[in-house]
Structures are given as structure tokens and as C-alpha cells.
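Chains, contacts and geometry: an overview
So the chains spell out like this:
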Amino acid sequence: MGKKKFFDFAIGNPPYQENTAESTRKRPIYNEFMDASFSVASKVELITPARFLFDAGQTPKAWNKKMLTDNHFKVLKYIDDAAKVFPNTDIKGGVAITYHNEKAEYTPVGVFTKSENLNNILTDVRKKGIQSMSEIVSARGCYRLSDIFFKSFPEASEKLGKGTGNMIVSNIFQKVPEAFLDSPAESDSIKIVGRENNKRTYKFLSKKYLLDNEYVKTYNVLISEANNTGEFGETLVEPSLSKPGEGATDTFISIGFFHNQNEALNTMKYIKTKFCRAMLGVKKATQHTAKSVWEYVPIQNFSTESDIDWSRSIHEIDLQLYKKYGLSPDEIDFIESHVKEMK
């Protein structure tokens, strides 16, 4: 049939994910329905999850990029709380009504933000040049187990399950308790922070069981990878300090490579600022605080040579950041009124 389209218009609410017995990690399929709709209709209007607009979720990264750079595609409406449209339904990242018209040209979405105010703030910040905070944020599961670990505990692979590889997974304290001790058995044991019985807990692991890692040699900030809901302006679970010789399960991500404690503590202050969390909100549309969502958070000099006086209160640091990035009174008011305070 070549490029002939069967329909002039396609309007719909396609299935969002596979219907499987698994309760988690259901594969999204709405992206496949969107592509199929574009292939059979010249003009397509659909309501789908909005996660892909933030380059988040499980849709393929290449597909996300394709949609965000498509000059025939635009967002008609974004609804951050999906329950307003679909009662009693929780869709992380909200939903979006989108329109695709192969005969029209629009400015590509590029970087999608939740509001015009936030888009203006991002524009101001990018004018100053962004060295991204993501450069010092670890991937999930950056602390990995060595081959010696699996030789010493041959049943560990089966206990941990398929697909975990050599990651120090969130439930490893319960799954392999014989390896993670309440007190250090050796002078160079690594202190691992994780969760046990729904509480933050520390255990000790022999150094030989951990692959060499730059994070474990330095000071870092630990922050929960799954952190609240993705609502713009939300607070974050309290970050914590990680010292050399310490690591974490994949419940946490690490921010750092700092060579002194003061820089890590200043980073913790920065994360608590309204400015930082507003910029994090450009891409944080779900509970995840993965490395990629920090892309538009500008990194700062966290040392004593910084242009920011880190000895000040969180609010006073915010005021310095607003001035540094040339934010207008309206933009400052937007952040102050929409981003919750952290102490």
C-alpha cells in the first residue's frame, strides 16, 4: 500500500502495558500502539502515560528520542494526576493527550517540562551553561560483588534469583545473611547500608567480596533510588553521608567522588534546596531518582572555593542560586510557591 493511509483520523486510549501475571515491571505497549496509529492514520490524537515525555519509564530510549524530536508531534494537554482523568488510577508521571499530524509541522517537544514557568527557568539556567549533576551520580547498583563472593557462597546466585547478576540487591541481607555481618570480621571490611524489616540498616562485608569501585574509596551522598512519587516540588527522603570504606545496596544511588567530608555535606545541602529540586523536577516524573533524571540539575562547586556560601541556611543558599542563574521575580515566586521546604 506504500504510504497510503487507511484513515484520516485516529482517536483513542490504547492499552498501556502487557497484561501479565507479574505484579511489577509490566512492559509498556502504548508506544507500539502509537506507532501503529501513525502508520494507518494521517492525524492521530491519543491519551497515554506521559512518562516518555520526560525520557523516563520503560519505553525504549530511542523511541522516546524519536517522539521528542518529531516535528509532526505535539502535546495538547498534560495532566500530572492521572486520577483526575481516570478515577482510582495511579499512573506514575501522569498522562498526556498528544496529537500527530503528518501534514503539519510543529516545533519539536525537545525537553518537556510540566509548566511554562519551569520551561522559562530551564532556559535561564541553560544560558549559564550546564555541567550536569548526573556526571557525579552513580548508576543503580554501582556496588558489585566479586567472583570470590560467589565461590565462597555458591548458593547465593540461586537465592538471589535470575537477572540480579552481581548487584548488591535490596533484599540481599535477608537472602544471604551469612555474608553480611552485624560487626566487621576483618579490619578492612566494607560497611554496607541497606534496608531490613523496612528500616535503614548497616551490615559488614569482607572487602574481597566487593569489586573495586571509586565510590567506595571516597565520600559520597546516598539517596534512595525510589524516592516519593514524582510530583513536582515534592520533598525527598533524607539523604545520608557515606564515608570511604562504605557502600550500599541498590536501594540507593551514590552522588560524589568527594575527597573530603565537607564537600559531601555541602552537596546534601544543595539537594535540599528548592532550586535543585525544581531542576530535578524537569525530568523526575516518577518515583525514580536515577542518574538520567539529574541531567538538568547544574553541578556546583561544593568546596570552600565555591561562588556559593555553603555555610548559610538552605533558604539563603536558594537566594544565592536564584541570583547566580538570573531568575526573574516571577520565576523565583514559582519555585518558592511550588517546591516544598526541606530542613
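From a predicted model like this one, the values you see are computed outputs, not experimental measurements. (Residues numbered from 1 in each chain as written. Predicted model: local features only at pLDDT ≥ 70, side-chain atom pairs only at ≥ 80, totals over all residues. Heavy atoms only, no water.)

Considering the packing of helix α3 (residues 116–127) against helix α10 (residues 329–338)
For the record, the criterion: What counts as an axis is a line fitted to C-alpha atoms, over the stretch in contact for a helix, and the angles between N-to-C directions run from 0 to 180 degrees. Secondary structure follows DSSP: runs of H or I at least 4 residues long count as helices, runs of E at least 2 residues long count as strands, and numbering of each begins at the N terminus. Oblique is the label for any angle not under 35 degrees, not over 145, and not in the 65 to 115 range, which are roughly parallel, roughly antiparallel and roughly perpendicular in turn. Rotating anticlockwise by less than a right angle from the far helix to the near helix defines a left-handed crossing, while the corresponding clockwise rotation defines a right-handed one. Any pair of residues with heavy atoms lying within 4.5 Å of one another is described as a contacting pair. Residue type decides the class: Asp, Glu, Lys and Arg count as charged, Ala, Val, Leu, Ile, Met, Phe, Trp, Tyr, Cys and Pro as nonpolar, and the leftover types, Gly among them, as polar.
Following both chains from N to C, one finds α3 and α10 inclined at 120 degrees, their axes separated by 10 Å at the closest point. Between α3 and α10, the angle falls in the class oblique. For α3 against α10, the interelement crossing comes out left-handed. Across from Asn117, Leu118, Asn120, Ile121 and Asp124 in α3, the residues of α10 making contact are Glu331, Phe334 and Ile335. Of the residues assigned to the contact of α3 with α10, the class counts are four nonpolar, two polar and two charged.

Some remarks on the sheet that holds strand β7 (residues 219–224)
To be explicit about the condition: The rule for pairing is simple: two strands pair if DSSP sees at least two bridges between them.
Reading across the sheet, the three strands line up as β8-β7-β10 and stay open at both edges, with antiparallel pairing between neighbours. Only two strands of the sheet have a single partner each, and these edge strands are β8 (240–242) and β10 (252–258). Taken pair by pair, the neighbouring strands of this sheet meet at an average axis angle of 30 degrees, ignoring direction. Taken together, the three bridges between β7 and β8 define a ladder with antiparallel strand orientation.

With respect to the pairing of strand β4 (residues 95–101)
Note the threshold: To sort residues, take the accessible area from a 1.4 Å probe on protein chains only and compare it with the maximum for the residue type: under 20% means buried, over 50% means exposed, and anything in between is partly exposed.
Among the seven residues in β4, six count as buried, and that is most of the element. Both strand β2 (residues 41–49) and β4 contribute to a ladder of seven bridges, which runs antiparallel. Bridging across to β4, Glu45 finds its partner in Tyr99. Here six bridges tie strand β3 (residues 73–79) to β4, and the two strands are oriented antiparallel to one another. Along β4, the bridge assignment pairs Lys74 with Tyr99.

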